[in-house]
Amino acid sequence: MTDNRTARIFLTVLLSLSAAFCKSETKPAAQPIDTAFAALQDRGRMAMGVDQYTSTHHFEATDQGGRIELQRDSVDSLGVAQIRAHLKLIQHAFQAGDFSTPAFVHMRDMPGTAVMKEKRDAIEYSYADLPRGGEVRIRTADPAALAAIRQFMDAQNMDHRAH
């Protein structure tokens, strides 16, 4: 009787240790660092003047074009001022057909920008303050320019993981 009880205790301990070992072996591995995304975020910080990991981007395609929104995740008056200055520069650069800032951040010419440059007189860019940043609205009635703006927004969303 004692041998049977000892065997059950031994078996229980063995099963417990086995389960603990299996759990430790199946623990998910740490996520590898995505160096390409980290580099994009670093270039974005250089271009925009704010930490991309503590700010939120939205790139929205609309019926008339699109909307680029950038806001700080928390109250940060210096960061908000930096975002607003950056987006005002973006508004004027895009209106002039200059897409060098997104080309620098993404290390490539962004989809749609060649047509947006060609059709710059058919596209209107406007800036507005938001509570913790700002936005640039892009509007057009030109079908080719509209398609290009949507390509640009889709590429931005994909690269910035802003879905």
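### Thoughts on the nonpolar core
Of all hydrophobic cores here, the largest spans 23 residues; its most connected members are Met-116, Tyr-125 and Ile-138. Counting only elements with at least two residues in this core, the list comes to strand E2 (65-72), helix H3 (77-95), strand E3 (123-130), strand E4 (133-140) and helix H6 (143-160). A total of 6 residues in this core trace back to one element, the largest contributor, which is H6. Leave out the neighbours within four places in its chain, and Tyr-125 touches Gln-91, Phe-94, Gln-95, Phe-99, Met-116, Val-136, Arg-137 and Ile-138.

### Some points on the environment of Met-116
Inspection of the secondary structure assignment puts Met-116 in helix H5 (residues 113-118). Judged by relative accessible area, which is 0%, Met-116 ranks as buried. With 18 residues separating them in the primary sequence, Met-116 and Asp-98 have C-alpha atoms 9.5 Å apart. Beyond its immediate chain neighbours, meaning those up to four positions away, Met-116 contacts Phe-99, Ile-123, Tyr-125, Ala-148, Ile-149 and Phe-152.

Rules behind the numbers
- Residues numbered from 1 in each chain as written.
- Predicted model: local features only at pLDDT ≥ 70, side-chain atom pairs only at ≥ 80, totals over all residues.
- Heavy atoms only, no water.
- Core = buried A, V, L, I, M, F, W, Y, C linked by side-chain atoms within 4.5 Å.
- Buried < 20%, exposed > 50% of the residue type's maximum accessible area, 1.4 Å probe, protein only.
- Helix = DSSP H or I, 4+ residues; strand = E, 2+ residues; numbered from the N terminus.
- Contact = heavy atoms within 4.5 Å.

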